[in-house]
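# Fold and geometry: a report
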Amino acid sequence: MKLPLDHIKVLEMAGLAPAPFAGMIMADFGANVIRIDRFKGFSTDVLSRNKRSIAMDLKSSEAIQILLEMASQVDVILDPFRPGIMEKLGLGPDVLLKKNPGLIYARLSGFGQDGSKSAGHDINYLAISGALELMGRHREKPSFPLNILADFAGGGLMCVMGILMAIIERSVSGKGQVIDANLTSGTSYLTTFPYLMQHFGLIWEGERGTNMLDGGAHFYEVYETKDGKYMAVGAIEPQFYSCLTEKLNLLNEEEELPDQMDKSSWPKMKERFEKIFLKKTQAEWTSIFDGSDACVTPVLSFTEPVPTHNSKPGTTTTNQWPRQASVPQPAPILSRTPAKPVKVAEEPFLEVGKHSIEILNEFGFESSMIQQLIKVGAVLDSSLVASHL
């Protein structure tokens, strides 16, 4: 079966997190992704599925010449380094685009090619982008998620979007271009909705943690259950909120419920919800809300399933919600040309230099030249190293 990107060849300069993720997405959808490794040290990159590795000494002029020739034959190069590093290696976009005018040169950095060259990580890009200030509980310090938002959404995924747009544009112009996929700008772009809502004084008009979608509302919150697990509640629309209150048996209580959007009632309603959710286990609540329009779901784990809830004797149940988080699969799902299905490998790492000779042969280098490159230490093939041990 043909895959949507099986005609695309990518050189991925070895890095961590955003660039490997971008390469992995393209490889999942069929691209021929070749990771350019330095052969000193061990790669801890776990986002290496469907890729191959060639190991090179990037301080060697012979290796740089080989890379220049390889870059003239590919569609995309992924640069994970701080601004200026590729230029110092003699592999900057001016050089490579001159040799290959159709090349798409994707640059992933923290603050952009014209921004700070300082070191940083996901939390720093969240902070500079404005996203971090929006997240957290009322009168508490901002809280950061895992490094999913800046590294992978604002960085790697945004980079792939840029590459695909450049590929489409190239089909018209015949020309490649440079993509500045920096994590700060990418993350800032993701905050467009809350920024505009805050700017126009809509649902983000209050302090952090007091608004509808940031932990202020009782109907958009995470609640602990009797067994120390959690349920996520997101019943925003009136009809969904009505279903939620019905499932919680609040409609049967004598006390009249306040208006859902009465912000002054939110703190007390949240306390009320907290007490109710603590009365049953996660499994029990999952059974109650399963498949309903109350917008209540179990907080699932990758490692531990929701325990089976014992229904009344003689009854059968059909689960609509899963009981455990599934292995992450490529998305979105294409009807005719879906990505390669994912199976978690026993070995998480791609061996550095595992395919060096194979790759050089594919790029048209003669065997005598390949042997000479290995002999002078410009290229390493791990199979040859293993055979000498």
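As shown above, the structure is provided for reference.
Described below are features of the structure shown in this document.

Cut-offs applied
- Residues numbered from 1 in each chain as written.
- Predicted model: local features only at pLDDT ≥ 70, side-chain atom pairs only at ≥ 80, totals over all residues.
- Heavy atoms only, no water.
- Helix = DSSP H or I, 4+ residues; strand = E, 2+ residues; numbered from the N terminus.
- Buried < 20%, exposed > 50% of the residue type's maximum accessible area, 1.4 Å probe, protein only.
- Contact = heavy atoms within 4.5 Å.
- Areas by Shrake-Rupley, 256 points an atom, 1.4 Å probe, with all protein chains shown as cover.
- Lys, Arg positive; Asp, Glu negative; His and termini not counted.
- Charge placed at Lys NZ, Arg CZ, Asp CG, Glu CD.
- 1 Å grid on protein atoms, 1.4 Å probe; cavity = no way out; pocket = protein on both sides within 12 Å on 5 of 7 lines; lining within 4 Å.
- Points joined across faces, edges and corners; volume = space filled by probe spheres on them.
- Nonpolar A, V, L, I, M, F, W, Y, C, P; charged D, E, K, R; others polar.
- Salt bridge = Lys/Arg side-chain N within 4 Å of Asp/Glu carboxyl O.
- Axes fitted to C-alpha atoms, helices over the stretch in contact; angles between N-to-C directions.
- Parallel < 35°, antiparallel > 145°, perpendicular 65-115°, else oblique.
- Left-handed = near helix turned anticlockwise from the far one by under 90°.

## Notes on the overall build of the protein chain
Looking only at helices and strands, the protein chain features 15 helices and 10 strands. Over its C-alpha atoms, taken along the principal directions, the protein chain stretches across nearly 90 × 55 × 40 Å. Looking at the protein chain residue by residue over its 389 residues, the buried ones come to 44%. Long-range contacts, defined here as pairs at least 24 residues apart, represent 67% of the contacts in the protein chain between residues at least 6 apart. Working note: accessible area of the protein chain is about 21300 Å², and carbon and sulfur atoms make up 56% of it. Charge-centre separation for the protein chain: the mean point of 38 positive side chains lies 4 Å from the mean point of 46 negative side chains.

## Concerning the layout of surface pockets
There is about 1300 Å³ of room inside the largest pocket. Lining the largest pocket are 45 residues; nearest its centre among them are Phe21, Met24, Asp28, Leu47 and Arg49. Elements represented by at least two residues in the lining of the largest pocket include exactly helix H1 (18–28) and helix H7 (149–173). Residues belonging to the lining of the largest pocket are distributed by class as follows: 31 nonpolar, six polar and eight charged. A volume near 490 Å³ is recorded for the second largest pocket. Around the second largest pocket, the lining comprises 24 residues; the ones closest to its centre are Leu16, Pro80, Gly110, Gly120 and Tyr125. Those elements that provide at least two residues to the lining of the second largest pocket are H1, strand E5 (104–109) and helix H5 (122–129). Partitioning the lining of the second largest pocket into residue classes produces 12 nonpolar, eight polar and four charged.

## Focus: the pattern of salt bridges
In this structure the tally under the stated criterion is 16 salt bridges. Two residues, Glu12 and Lys51, come together in a salt bridge whose shortest N-O distance is 2.7 Å. On the criterion of sequence distance, the pair formed by Glu12 in strand E1 (residues 9–13) and Lys51 in strand E3 (residues 51–56) is long-range, its members being 39 residues apart. Assessed through its relative accessible area of 0%, Glu12 is described here as buried. Put simply, Asp37 and Arg35 hold a salt bridge, and the shortest N to O gap is 2.9 Å. Under the relative-accessibility criterion, Asp37 is labelled buried at 3%. Residues joined in a network through salt bridges with shared partners are Arg35, Asp37 and Asp45.

## With respect to the packing of H1 against H7
Following both chains from N to C, one finds H1 and H7 inclined at 45°, their axes separated by 8 Å at the closest point. Classified by the angle between their axes, H1 and H7 sit oblique to one another. Considering how the two elements wind past one another, H1 and H7 form a crossing that is right-handed. In this structure, H1 uses Pro18, Phe21, Ala22, Ile25 and Met26 to contact H7, whose residues at the interface are Asp151, Phe152, Gly156, Leu157, Cys159, Val160 and Ile163.

Take it as geometry only, folks, not as evidence of what the structure does.
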